[in-house]
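# A closer look at the structure
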There are 2 protein chains.
Amino acid sequence: MAATETLTAERILEATEEVLRRYGPAKATVVDVARVLGVSHGSVYRHFRTKAALREAVTERWLSRTEVALAELTGAPGRPAPEKLHSWFATLFEAKRHKAGDDPELFATYSVLIDENSDVVDRHIDVLIDQVRSIVEEGSREAEFTAADPDATARALFHATARFHDPAYAPEWRRPAIEAEFESVVGLLLRGLRP
Amino acid sequence: MAATETLTAERILEATEEVLRRYGPAKATVVDVARVLGVSHGSVYRHFRTKAALREAVTERWLSRTEVALAELTGAPGRPAPEKLHSWFATLFEAKRHKAGDDPELFATYSVLIDENSDVVDRHIDVLIDQVRSIVEEGSREAEFTAADPDATARALFHATARFHDPAYAPEWRRPAIEAEFESVVGLLLRGLRP
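These numbers come from a predicted model, not from an experiment.

This next bit is on the UniProt feature "DNA-binding region" (unreviewed entry) in chain A. The UniProt entry lists residues 29-48 of chain A under the feature "DNA-binding region" (unreviewed entry), expressed in the numbering used here. Note that residues 29-48 of chain A is 75% helix and 0% strand, and that its end C-alpha atoms are spaced 13 Å apart.

What follows is the structure, given as structure tokens:
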């Protein structure tokens, strides 16, 4: 990349992801990131004060891509809540599976970063559960769902579907039965929300 | 222990568990087991032909303790199926939590053994899902549950409650909110089974 382009945080994060993919999380350094960008490592440190801050930011960026896609779906008007909720969990599953399957090295890299940055992951999960709560509330308003405590219900829905989004289950996602298992679990949960 | 006692498979397995607890799974040897029993290692090999077979048998014994306790509950007559199912998952959760919390070293040891013996674990999960299926069928017969496909429903129930029995979640089991989370998930699932 040309050093004459403006050095933005986004460009640094892109380069960091590239370096992590190439060298793995144990070996990647800020100097490697600077080299890819054709800048001094001081320039990188002006945007991210420590290597840990850079690794945290790149993890956050990776997780937020999924949040943005799901937020669109959550906010879309005019869909019945049960259909929207099914589609929300299917999209989450597809996004996680896509990340795990299409680029397994990068997924393994982020698994290491995620273990280092548990606060970022907690925030990610809060954002996701908040989206589920908003769909549950919408369904309750329209009398499509019964949920006395939408927050607790949203958490229960998220926990009950962990097999289809928790990276601990990634090895299961290649099994042919996984699609049918997803439909069984989500179907049962949707029946549990019926008024 | 006195070598004059009859050397049974059960005595060897007890001694193996003791040795695993003392030395950890990486260091424990068949010679250590023989020493605890005051017998030659040849005597141990007459019951278990290889170290791997011994480790597999001790893992199976550890997992089957939970199966036996739950089988009693599954077979008990005269309880409404929803109550029985709630109680079955509460007992499973309690058993796993008890194992993880009261003897964390032994739990860590068995976590290693479980990774080595995935067939034994698959069989354990099949036994458990089979018990759930039997409660679902009982509830369907009594018109307490609706489940078009009891086997798929049993699997869905087991998968949806993974947070409360999969050892991958053991660190969560010490959090105070976990009890309320269990009740939310199981409550939602039981509502999903209503006719």
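A few words now on the UniProt feature "domain: HTH tetR-type" (unreviewed entry) in chain A. Per the UniProt record, "domain: HTH tetR-type" (unreviewed entry) is found at residues 6-66 of chain A. Counting secondary structure, residues 6-66 of chain A comes out at 75% helix and 0% strand; the distance between its end C-alpha atoms is 27 Å.

Often, the extent of an interface is quoted as the loss of accessible area on bringing the components together. With 18 residues of chain B at the contact, the number on the chain A side is 18 residues. When chain B packs against chain A, the two sides together hide about 1700 Å² of surface, and 61% of this comes from carbon and sulfur. Counting the surface chain B buries against chain A, the share from its top three residues, His 159, Tyr 169 and Leu 188 of chain B, is 33%. Between the two partners, chain B and chain A, sit 0 salt bridges.

Residue and element names in this part refer to chain A. With a phi close to 60 degrees, Ala 143 is a non-glycine residue in the positive phi region. Its location among the elements puts Ala 143 in the loop between helix 7 (118-141) and helix 8 (150-160). Ala 143 sits in the exposed class, given a relative accessible area of 55%.

Residue and element names in this part refer to chain A. Inspection of the secondary structure assignment puts Arg 133 in helix 7. Relative accessible area serves as the criterion here: at 18%, Arg 133 is assigned to the buried category. A distance of 2.6 Å separates a polar atom in the side chain of Arg 133 from a polar atom in the side chain of Asp 130. Apart from the residues within four sequence positions on either side, Arg 133 is in contact with Pro 150, Asp 151 and Ala 154.

Calculation notes
- Residue indices begin from 1 for each chain and proceed along its sequence in written order.
- Here every chain gets a letter starting at A, and every ligand a number starting at 1, in the order they are written.
- It should be noted that, the model being predicted, local features are given only for residues of pLDDT at least 70 and side-chain atom pairs only at 80 or more, the latter also being counted only at that level, while totals for whole chains, interfaces and linings use all residues.
- Heavy atoms throughout the structure, all of them, feed into the side-chain values; hydrogens and water do not.
- UniProt positions are given in the numbering used here, feature names are shortened, and annotations may be inferred rather than shown by experiment.
- In DSSP terms, a helix is any run of H or I states spanning at least four residues, a strand is any run of E spanning at least two, and both are numbered starting from the N terminus.
- Note on definitions: a residue-residue contact is assigned when non-hydrogen atoms from the two residues lie within 4.5 Å.
- When two components associate, each loses some accessible surface as probed by a 1.4 Å sphere; the sum of these losses over both components is called the buried area.
- Any Lys or Arg side-chain nitrogen located within 4 Å of an Asp or Glu carboxyl oxygen qualifies as a salt bridge.
- Relative accessible area decides the class of each residue, using a 1.4 Å probe on protein chains only: under 20% of the type maximum gives buried, over 50% gives exposed, and in between gives partly exposed.
- In protein, a polar contact requires one atom able to donate a hydrogen and another able to accept it; more generally it is a pair of N or O atoms within 3.5 Å, and residues adjacent in sequence count only if both atoms are side-chain atoms.

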